[in-house]
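# Remarks on the overall topology
Spelled out from the first residue to the last, the chains are:
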Amino acid sequence: QVQLVESGGGLVQPGGSLRLSCAASGSIFSIAVMGWFRQAPGKQRELVARIISGGSTNYADSVKGRFTISRDNAKNTVYLQMNSLKPEDTAVYYCNAYITIPARNYWGQGTQVTVSS
């Protein structure tokens, strides 16, 4: 079992920045990939960024150059630094942890990010 607790969402003006945090606990040794997804009203949940256990990262095209995913292994925490935020980044952001044996996804409770003037 893996538990994920997110924090850091909020209201920000266009062009502003936010940093999301996701603290993992439980069977963290089994986590192969951690990532951030988002879901806007009326839209499907989509991958924003992920970081694989070896350290490599992937980003959605829409956030490349603006968002950075990172992790602090000592704190079992993954971060999403979001810069140059746009109104279209408004969504509920979910932390995700994927384990391979058995294959399973774990989700955090979600944190709202609203970009508006």
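As shown above, the structure is provided for reference.
### Digging into the overall build of the chain
- Regarding its fold elements, the chain presents zero helices and eleven strands.
- Counting helices and strands in the order they occur from the N terminus, the chain gives β-β-β-β-β-β-β-β-β-β-β.
- Relative to its length of 117 residues, the chain is compact, with a C-alpha radius of gyration of 14 Å against a globular reference of 13 Å.
- Taken along its principal axes, the extent of the C-alpha atoms in the chain is 45 × 25 × 25 Å.
- Residue burial in the chain is summarised as follows: out of 117 residues, 39% are buried.
- Excluding contacts between residues fewer than 6 apart, the proportion of contacts in the chain whose partners are at least 24 apart in sequence is 52%.
- Summed over its atoms, the accessible surface of the chain is roughly 6,200 Å², and 50% of this surface lies on carbon and sulfur atoms.
- Where the 11 positive side-chain charges of the chain centre and where its 6 negative ones centre are 4 Å apart.

### Comments concerning the packing of aromatic side chains
- All chains considered together, the criterion is met by one aromatic pair.
- Ring plane angle 70° and centroid distance 5.0 Å describe the contact between F37 and W107, whose orientation is recorded as edge-to-face. Of this pair, F37 sits in strand β4 (residues 31–39) while W107 sits in strand β10 (residues 103–107); the two residues are 70 residues apart in sequence, bridging distant segments of the chain.
- Its relative accessible area of 37% is what places W107 among the partly exposed residues.
- Against the face of Y94 rests R45, its NZ or CZ located 3.8 Å from the ring centre.
- Sitting over the ring of W107, R45 keeps its end group 4.6 Å from the ring centre.

### Remarks on the sheet that holds strand β1 (residues 2–7)
- Judged by pairing direction, the sheet is antiparallel, and its four strands sit side by side in the order β1-β3-β8-β7 without closing on themselves. The open sheet terminates on both sides in strands that have one partner only, identified here as β1 and β7 (67–72). The average undirected angle you get between the axes of adjacent strands in this sheet is 20°.
- As defined by bridge partners, strand β3 (residues 18–26) adjoins strand β8 (residues 77–82) across six bridges and the pair is classed as antiparallel. Residue pairing for β8: A23 is matched across the bridge by T77.

### A closer look at the pairing of β7
- Relative to β8, β7 runs antiparallel, the two sharing six bridges. Directly across from R71, in β8, lies its bridge partner V78.
- In textbook terms, the turn of a hairpin is the stretch between consecutive antiparallel strands, and for β7 and β8 this stretch comprises four residues, one of which, N76, has a positive phi near 50°.

### Some remarks on the nonpolar core
- Judged by nonpolar contacts, the single largest core of 30 residues is most densely connected at L4, M34, W36, L80, M82 and Y93.
- Within the residue set of this core, elements represented by two or more residues are β1, β3, β4, β5 (46–52), β7, β8, β9 (91–100) and β11 (111–115).
- Looking at this core element by element, the count peaks at five residues for β9.

Each value, and the rule that gives it
- Residues numbered from 1 in each chain as written.
- Predicted model: local features only at pLDDT ≥ 70, side-chain atom pairs only at ≥ 80, totals over all residues.
- Heavy atoms only, no water.
- Helix = DSSP H or I, 4+ residues; strand = E, 2+ residues; numbered from the N terminus.
- Rg over C-alpha atoms; globule rule 2.2 N^0.38 Å.
- Buried < 20%, exposed > 50% of the residue type's maximum accessible area, 1.4 Å probe, protein only.
- Contact = heavy atoms within 4.5 Å.
- Areas by Shrake-Rupley, 256 points an atom, 1.4 Å probe, with all protein chains shown as cover.
- Lys, Arg positive; Asp, Glu negative; His and termini not counted.
- Charge placed at Lys NZ, Arg CZ, Asp CG, Glu CD.
- Phe/Tyr/Trp six-rings, centres within 6.5 Å; stacked < 30°, edge-to-face > 60°.
- Lys NZ or Arg CZ within 6 Å of the ring centre and 35° of its normal.
- Pairing = 2+ DSSP bridges.
- Axes fitted to C-alpha atoms, helices over the stretch in contact; angles between N-to-C directions.
- Core = buried A, V, L, I, M, F, W, Y, C linked by side-chain atoms within 4.5 Å.

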